[in-house]
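# A structural walkthrough
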Amino acid sequence: MSAQVDRRRKAERIRTLLETEGETVQENVAHLNQGRYDAMERFDDFEALRTAAREIKAEAIENLPTLIETLRESVESNGGTLYLADDAADANRYISEVAASKNAETLVKSKSMTTEEIEVNAALADVGVEVWETDLGEFVLQVADESPSHLIGPSLHKSREDVAELFNQVFDPEEPFETAEELTTFARDYLGERIREADIGMTGANFVLADSGTITLVTNEGNARKSAVTPDTHIAVTGVEKIVPGVEELHPFVELISKSATGQDISQYVTMLTPPVDSPTIDFERPDEPLGSGDGEREFHLVLIDNGRMAMRDDEQLRETLYCIRCGACANSCGNFQHVGGHAFGGETYTGGIATGWETGIEGPDAASEFNDLCTGCSRCVNACPVKIDIPWINTVVRDRLNRETAPSELSFLVEGLTPDAEGSLSAPKRFFGNFETLAKLGSATAPVSNWLVDLAPVRTLMDRYLGVAPQRELPTFQRDTLTDWFESRRPRLPNADADRTVVLYPDTYTNYVHTERGKAAVRTLEALGAHVELATPIESGRAPLSQGMIATATAQADAVATDLDPYLAAEFDLVVIEPSDLAMFRREYRKLLDEDDYERISEHSYDVMEYVYGLLSNGASTEPLASPDAPVAYHSHCQQRTLGVDSYTEAVLDELGFDVVTSDVECCGMAGSFGYKSEYYELSMDVGEALHDQFTDAGDRTLVASGTSCTEQLTELFARDATHPVELVAPDGRT
Ligand code: SF4
């Protein structure tokens with residue numbers, strides 16, 4: 001399949017899902033997010049418990065082989081059996097043998113992604129065991145013969161109306177089902193009967209305590225405990241990573257999981273079972289038999305699944321995936337997931353941002369290739385994750401591994417020389433988007449011809465076909481006179497000796513070659529507030545290649561930036577950054593790319609430009625030289641600013657200067673760097689942007705303001721008028 005045909009296929013699949021499932025996914029995810037935000041506001045200990053949970057997980061994974069043996073002893077001394085399954089086939093063979101030994105005909109199951117992973121239902125069907133899903137969402141999918149679209153809400157893509165239509169068609173009730181109550185009452189009664197008849201109950205386990213063999217089930221429907229204790233045989237299937245040492249270590253997870261997943265302070269049912277349980281068995285076919293007449297017949301099997309997890313443990317980059325408690329918050333906080341759902345943003349089993357880690361660990365990187373690019377690296381999931389997994393980094397690492405498997409296309413010569421080729425073979429689009437700096441230099445040096453050329457229809461057709469650049473998008477307009485040219489043609493207005501602060505301004509690629517006005521505005525503003533400003537060398541921060549998974553190229557660029565900044569930072573300059581995605585490189589991603597000292601120095605001294613302006617004003621600088629409001633403002637902050645917690649400074653400065661500001665609260669504008677420029681993702685990008693458009697519908701003629709380049713471009717396209725950077729709004733009038 002040619003690359004262009006493959007892009008069209010992807011675009012078509014996304015278009016179909018946006019039309020069929022997008023609206024319901026958006027509605028249901030918005031509900032989960034609102035619950036999460038509210039829960040976090042009530043929850044003072046979130047950060048402290050996240051730290052504790054991460055430490056517990058890190059230690060438990062480190063000590064996993066020992067914990068497995070401790071758990072084995074506990075389970076066996078309780079009278080159960082622990083089976084450590086190498087892979088899905090091994091687990092299914094063992095489970096089938098248990099079923100055969102019990103002459104089982106039916107098995108009821110509670111929700112468990114691990115059993116989805118090993119496809120136990122199909123394996124049991126092959127040996128003649130009928131399986132019933134007892135979680136309502138899983139039951140809906142079983143009836144519909146569909147796969148889950150979300151870690152905690154498997155049928156999140158279905159509305160109540162969809163479920164009513166399905167149940168009416170399949171179960172043909174006397175009175176058609178309509179309300180949620182009618183549907184749930186039917187399901188409860190129907191599944192209650194299946195549970196009473198079942199020979200075996202199967203559950204997953206959210207957490208397993210090594211020292212006691214206790215399994216913890218966190219649910220909202222109560223079906224898991226019914227499935228576990230009604231039949232006399234209980235099989236719990238769970239990944240090895242679910243083991244924690246004991247009940248003390250359980251506490252943070254019980255606090256965190258429901259708040260992160262659904263926004264509940266605690267789930268309806270937190271069940272702790274130490275099987276085989278000693279509650280009496282009931283023979284529903286012989287109601288006259290006294291309770292407990294089958295006592296002593298209970299069996300318990302704990303099937304611990306490896307299936308690639310021990311190898312993930314040995315993989316430095318994938319290891320943190322094993323800390324995941326499967327709350328789904330990363331999916332919910334993701335702008336793309338909110339619109340397209342897990343049937344696009346997910347693999348065979350797992351969905352959302354962390355799916356890349358799981359699918360790669362279990363099946364290999366190819367299993368993530370179809371959806372990995374849907375992670376734009378916006379990082380909104382990072383603060384949502386209750387165990388602080390760096391989900392964007394896992395996505396980047398897998399993207400890098402996938403790049404290295406790609407055979408160079410016959411068209412690679414078109415963009416040959418654009419990158420140092422540190423990655424080996426790369427597709428032409430990856431090279432193109434990953435090396436915007438080279439293009440920007442070329443475009444600027446040859447402007448305005450370059451701008452005229454790339455606007456020609458035949459050129460855009462070729463760019464779509466060979467480079468995957470969406471023909472609908474306006475391309476950046478390169479400036480012949482760069483910010484550096486402008487800066488060098490003037491002397492710093494405020495000599496160092498007279499300044500209150502010394503600043504080195506980082507001229508990111510967009511500011512230097514495209515949006516030079518915002519760079520000039522930043523210089524004028526900082527000088528007006530008493531800072532001596534110097535300009536660093538315009539070197540790409542590494543953001544563009546990193547977004548394409550080109551880690552080696554990004555590392556080389558980060559090294560070059562660090563070398564350039566070194567004398568400034570040694571002289572105690574503050575590093576001011578205009579583009580939020582570059583600030584995020586300095587404060588977050590450079591931790592992975594640079595040595596510790598360089599990272600610490602750069603991250604500690606770097607500031608968002610409006611954060612810095614806020615700091616200068618707070619330390620006594622006068623607002624007098626800055627611009628006064630001439631129009632009300634509609635402001636959209638950048639995803640990375642919100643993750644870094646610096647978004648509020650812009651609002652605070654605008655507020656202090658008397659601007660009338662409305663702000664958006666959507667997770668992402670949909671553009672996300674180069675993502676929205678890609679042919680296959682253009683429609684998704686615009687669909688995500690529509691939420692931002694809706695929020696500013698009443699904005700009237702407010703000045704559109706955004707902190708990030710890509711947000712600015714998306715706003716310009718959504719509203720067909722220009723958007724500006726906040727520093728241009730507050731800069732002193734006049735040009736220097
Ligand atoms: S990666 Fe974090 S946020 Fe995502 S499902 Fe796992 S625990 Fe939840």
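For the structure, see preceding data.
Keep in mind that what you see is a predicted model, and the values were worked out from it rather than measured.

Okay, the overall build of the protein next. Of the regular secondary structure elements, the protein holds 33 helices and 18 strands. Relative to its length of 736 residues, the protein is compact, with a C-alpha radius of gyration of 28 Å against a globular reference of 27 Å. By principal-axis analysis of the C-alpha atoms, the protein measures approximately 95 × 50 × 50 Å. Going through the 736 residues of the protein one by one, you find that 60% of them count as buried. Counting every atom, the protein has about 29,500 Å² of accessible surface; 47% of that belongs to carbon and sulfur. Here the protein carries 61 positive and 130 negative side-chain charges, and the mean point of each set is 4 Å from the other.

The next point concerns helix H28 (residues 609-618). Buried residues dominate H28, accounting for seven of its 10 residues. Along H28, the residues that are buried comprise Val609, Met610, Glu611, Tyr612, Val613, Leu616 and Leu617. Trailing H28 by a residue or two, glycine 620 shows a phi angle of about 105°, which is positive.

Within the structure shown, the criterion is met by 26 aromatic pairs. Through a chain of ring-to-ring contacts, three or more aromatic side chains come together here, namely Trp132, Phe139, Phe167, Phe171, Phe177, Phe186 and Tyr190. In this structure, lysine 57 packs its charged tip against the face of phenylalanine 253, placed 5.8 Å from the ring centre. The residue whose ring lies beneath arginine 194 is tyrosine 190, and the NZ or CZ to ring-centre distance is 4.4 Å.

The next subject is helix H11 (residues 247-261). An α-helical segment advances 3.6 residues per turn. Residues three or four places apart therefore align on the same side. Over its 15 residues, H11 extends 21 Å from the first C-alpha to the last, a length consistent with the 21 Å expected when each residue adds 1.5 Å. Looking at H11, one finds that the buried residues are Leu250, Pro252, Phe253, Val254, Leu256, Ile257, Ser258, Lys259, Ser260 and Ala261. The first or second residue beyond H11 is glycine 263, which carries a positive phi of 85°.

If you walk across this open sheet you meet the six strands as S1-S10-S7-S4-S2-S3, and the pairing is parallel. Edge positions in the sheet fall to strand S1 (81-85) and strand S3 (130-133), since each has one partner strand and no second. Adjacent strand axes in the sheet meet at a mean angle of 20°, parallel and antiparallel pairs treated alike. Bridge count for strand S4 (residues 200-203) against strand S7 (residues 233-239) is four bridges, and the pairing is parallel.

What follows concerns the sheet that holds strand S16 (residues 661-663). In space, the four strands of this open sheet follow the order S16-S15-S17-S18, with parallel pairing throughout. Where the open sheet ends on each side, the last strands, each with one partner, are S16 and strand S18 (723-724). Taken together, the two bridges between strand S17 (residues 703-706) and S18 define a ladder with parallel strand orientation. If you follow valine 705 over to S18, its bridge partner there is threonine 724. Against the sheet, helix H32 (residues 709-719) contacts strand S15 (633-636), S17 and S18, and its axis sits at roughly 150° relative to S17.

To continue, consider the site of the ligand. The full set close to the ligand counts 14 residues, and Cys324, Cys327, Gly328, Cys330 and Cys385 are the nearest of them. Its residues placed into classes, the shell around the ligand shows 12 nonpolar, one polar and one charged.

Following proline 275, the chain continues into proline 276 via a peptide bond in cis, with omega recorded as 0°. Within the fold, proline 276 resides in the loop between strand S9 (269-273) and strand S10 (299-305). Cis geometry marks the peptide bond from alanine 447 to proline 448, where omega comes out at 5°. Not every positive phi belongs to a glycine, and asparagine 307 is a case in point at roughly 45°. Tracing the chain through its elements places asparagine 307 in the loop between S10 and helix H12 (309-314).

Moving on, we get to the packing of helix H1 (residues 3-42) against helix H20 (residues 457-467). With their axes 7 Å apart at the nearest point, H1 and H20 run at an angle of 90° to one another. Accordingly, the angle class assigned to the pair H1 and H20 is roughly perpendicular. Contact with H1, carried on its side by Gln4, Arg7 and Arg8, involves Asp464, Arg465, Tyr466 and Leu467 of H20 and no other residues of that element.

The rules behind these values
Residues numbered from 1 in each chain as written. Predicted model: local features only at pLDDT ≥ 70, side-chain atom pairs only at ≥ 80, totals over all residues. Heavy atoms only, no water. Helix = DSSP H or I, 4+ residues; strand = E, 2+ residues; numbered from the N terminus. Rg over C-alpha atoms; globule rule 2.2 N^0.38 Å. Buried < 20%, exposed > 50% of the residue type's maximum accessible area, 1.4 Å probe, protein only. Areas by Shrake-Rupley, 256 points an atom, 1.4 Å probe, with all protein chains shown as cover. Lys, Arg positive; Asp, Glu negative; His and termini not counted. Charge placed at Lys NZ, Arg CZ, Asp CG, Glu CD. Phe/Tyr/Trp six-rings, centres within 6.5 Å; stacked < 30°, edge-to-face > 60°. Lys NZ or Arg CZ within 6 Å of the ring centre and 35° of its normal. Expected span 1.5 Å × (residues − 1). Pairing = 2+ DSSP bridges. Axes fitted to C-alpha atoms, helices over the stretch in contact; angles between N-to-C directions. Contact = heavy atoms within 4.5 Å. Near = heavy atom within 4 Å. Nonpolar A, V, L, I, M, F, W, Y, C, P; charged D, E, K, R; others polar. Parallel < 35°, antiparallel > 145°, perpendicular 65-115°, else oblique.

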